[in-house]
Amino acid sequence: MNERAGKVMLATGDLQTPVPLPGIGHGSPLTARFDGSADRVMVQGEDAREAAFMYTVQRGSTTGRWNPPRPLRLPPGCGPLDFGGQGEDGVVVRHHAGAGGTDLCWYDAGTGVCRVLHRDPGWVYGAALSPDRRSVVFLVGGPVSLSATVWVCDIDGSARPLHPPNGHAAVSLPAWTADGRGLVFSSAYGRDHAAVLHLDPVNGTHHVLYADQHDIGVRVLTGDDRLLILENRDGASSLALLDPLTSAHPIPLALPGHGLATVVRRPELGPGDELRVTFTAPGLPSAVWAIAPEREPRSLTPEAGIDRTWRPERFHVAAADSVRVPVLDWFPGEERGDGRPAPAVVALHGGPEQQWLLQDEQMFELFHQRGIAVFAADLRGSIGFGMHYSSLDDGVKNFDVLLDLEAVHSTLEQRGADPRRAVLVGASFGAYQVLLALAHQPQLWAAGVAVSGVSDPLSYLDQTRPHRRAQRELAYGSAERDGARMAEMSPLNAAAKITSPLLLVHGALDVRVPVTQSREMARVIGEAGGDVTLREFPDEGHRFASSANRAVRNQLVADFVTTHTRETTT
């Protein structure tokens, strides 16, 4: 996908003949892939309210040019998960059935009939059709954070669970092998880091194809028996080709640098085993590269300047309960011109099941241009450091991140930063952690920025959509079981303790975290005489998908942090 002159474009092949996609909002998060042939592409995405849409783009048989996109009318409340392929307008969709349940359905776009394949009381996500279109593999959320169970469902509606037997492991959506007789995916069942497994969809037996000391992802290649291995090495990507029959050592694919590579769901190798990936790194915006075994990466976009990148430095701090917290010094070795300790931003990611990845972070660069150090903290609950670490903040254990933040703050001075001018900046779950820290550690933080964050988990669980509530209770706690503790620690209930300036940023169309969470926080702090600013974006949802809105948001945050980290002189 590419954004040009405010229009969303579909680029294929040589990337030089983009096709405009009318009716899609600028900045909408999109995915696209070929539908069984090189002459038809399916495009799917969500608008700011996370309502799903889908287009087909067909190449003309006589002209060879791409025709205008044709929308597929999805039933209300449905999100596309996979499509029929081979020129058929059949789509596997997820429908939110209410009361916390979800339906897996087969939708025939030609007749408009939507048939339920499987009804589940939990959270169904991800689906992949078998090559013969007789079966669908999908995931059902498990009883603990990050966990899921692999299910398979016949098109006639007969469903059964396959892996893992207890539903307590983190797994990725399986991909069918070319012959349709096997499933390949990554799973952390019985281990701390995810490995690549082969699963028999008939009897449910599995065996490990590849494992290492890092989390491993996998892609099944189109028209090739080999697998593409994607390894997460401390936030950076490592790619290789693996022959599953021999399980010999993977053949590495050199990337342009130390950063993040993104690959489509069913990649296809070109001549010489060339693979096209999207690559980004600190200081390097996303660009398309061609990589192949024993060859130097080749840029397919002229703006890809790999010489502008650098490598953040990883260090660890020990929390009071001995948990080791990984932190990235985003601009290591940099000093202000006068040599004095720099003001600092401690950045917190969302999720919480996410991780700071080595990619281009434009907001961080704005801080750097103003002489502000940036420390990207992967607090307990983050992924990429093993299943044990990612489970340390489940439920009301999420309050223990205050120990992590205290430890991070205590190490700022030895990292060349001024702890008296340290600001917390977070988005989504990271914004909730910002509010939690400002309310319960007011003496540590000079200011805070919370983007699209929860201020009161109890009211949030009441406001969130039914199908998401059970999954969100895994992160925030159960109102029925933990209500008293959640009320005690709620940032909204402790808002009068917040003495540091606070900037709240929220999209008015946010359906994941309603904007009322920020509005209430601003109201309570304001009535208590606190220093709070609320900035709403009327046309944005939770993700801030528009590049124009992201630029405004980033500048707003950078200005706020700069203002509240200036040294005062007597």
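Located above this text is the structure these notes cover.
Attention here is on the structure that accompanies the text. Keep in mind that what you see is a predicted model, and the values were worked out from it rather than measured. (Residues numbered from 1 in each chain as written. Predicted model: local features only at pLDDT ≥ 70, side-chain atom pairs only at ≥ 80, totals over all residues. Heavy atoms only, no water.)

## Quick word on the pairing of strand β35 (residues 532-537)
This is how the line gets drawn: At least two bridges found by DSSP between two strands are what make those strands a pair. The secondary structure listing takes helices from DSSP runs of H or I that are at least 4 residues long and strands from runs of E that are at least 2 residues long, numbered from the N terminus. Looking down the strands as they point away from the viewer, one classifies a crossover as right-handed if the path from the first strand across the helix to the second runs clockwise.
Here strand β34 (residues 502-507) pairs with β35 via 6 bridges, running parallel. Opposite leucine 502, over in β35, you have valine 532 as the bridge partner. Of the crossover connections in this fold, the one passing from β34 over helix α8 (residues 516-527) to the parallel β35 is right-handed.

## Remarks on α8
Structurally, the α-helix is built with 3.6 residues per turn, so residues lying three or four positions apart point the same way. What counts here: A helix is expected to span 1.5 Å multiplied by its residue count minus one. Think of it in three bands: with a 1.4 Å probe and only protein chains considered, a residue is buried below 20% of the maximum accessible area for its type, exposed above 50%, and partly exposed in between. Note that the arc is defined by the directions from the helix axis to the C-beta atoms. Two residues form a contact once any of their heavy atoms are found within 4.5 Å.
An ideal rise of 1.5 Å per residue puts 16 Å on 12 residues; α8 measures up with 16 Å between its terminal C-alpha atoms. Those residues of α8 that sit buried are Gln517, Ser518, Met521, Ala522 and Ile525. Down the axis of α8, the sector holding all buried residues measures 130 degrees, keeping them to one side. Next to the buried residues of α8 lie α4 (429-440), α5 (457-463), β34 and β35. Looking at the residues trailing α8, positive phi occurs at glycine 529, about 85 degrees.

## What to know about α4
The first and last C-alpha atoms of α4 sit 17 Å apart over 12 residues, in line with the 16 Å expected at 1.5 Å per residue. Of all 12 residues in α4, 11 are buried; the element is thus mostly enclosed. All of the buried residues in α4 are Phe429, Gly430, Ala431, Tyr432, Gln433, Val434, Leu435, Leu436, Ala437, Leu438 and Ala439.

## Side note on the pattern of salt bridges
For clarity, the cut-off: Whenever a carboxyl oxygen of Asp or Glu lies within 4 Å of a side-chain nitrogen of Lys or Arg, that contact is scored as a salt bridge.
According to the stated counting rule, one finds 20 salt bridges in the structure shown. Of the charged contacts, one joins arginine 226 and aspartate 224 as a salt bridge, the two residues approaching to 3.0 Å between their closest N and O atoms. Taken together, the salt bridges that share partners define one network made up of Asp224, Arg226 and Asp273.

## A closer look at the packing of helix α3 (residues 401-410) against α4
Put simply, the rule reads: Helix axes are fitted only over the stretch in contact, all axes being lines through C-alpha atoms; the angle between N-to-C directions runs from 0 to 180 degrees. Oblique is the label for any angle not under 35 degrees, not over 145, and not in the 65 to 115 range, which are roughly parallel, roughly antiparallel and roughly perpendicular in turn. The residue classification treats Ala, Val, Leu, Ile, Met, Phe, Trp, Tyr, Cys and Pro as nonpolar and Asp, Glu, Lys and Arg as charged. All others, Gly included, are polar.
Packing of α3 against α4 leaves a shortest axis separation of 10 Å and a crossing angle of 75 degrees. By the criterion of interaxial angle, the relationship of α3 to α4 is roughly perpendicular. Of the residues in α4, those touching α3 at Val401, Leu402 and Leu405 are Gln433, Leu436, Ala437 and His440. For the contact of α3 with α4, the per-class residue count stands at 5 nonpolar, 2 polar and no charged.

## Some points on the packing of aromatic side chains
For clarity, the threshold we go by: Classification of ring pairs uses Phe, Tyr and Trp, with its six-membered ring standing for Trp, and accepts pairs whose centres are within 6.5 Å; under 30 degrees between planes counts as stacked, over 60 as edge-to-face, and the remaining range as tilted. Two thresholds decide whether a charge sits over a ring: the Lys NZ or Arg CZ must be within 6 Å of the ring centre and within 35 degrees of the ring normal.
Throughout the structure, instances matching the rule amount to 12 aromatic pairs. Centroid distance phenylalanine 138 to tryptophan 151: 6.2 Å. Interplanar angle 25 degrees. Geometry classified as stacked. In this pair, phenylalanine 138 sits in strand β13 (residues 135-141) while tryptophan 151 sits in strand β14 (residues 148-154), placing the two residues 13 residues apart along the sequence. There is no split in this pair, since phenylalanine 138 and tryptophan 151 are both buried. Taking the centre distance of 5.3 Å and the plane angle of 50 degrees together, the rings of tryptophan 356 and phenylalanine 364 count as tilted. For the pair tryptophan 356 and phenylalanine 364, one class covers both residues: buried. Grouped by ring-pair contacts, the aromatic residues Phe429, Tyr432, Tyr460 and Tyr476 constitute a single cluster. Across the ring face of phenylalanine 315, the terminal group of arginine 415 is positioned such that the distance to the ring centre comes to 4.0 Å. Over the face of the ring belonging to phenylalanine 537 we find arginine 535, whose NZ or CZ atom lies 4.9 Å from the ring centre.

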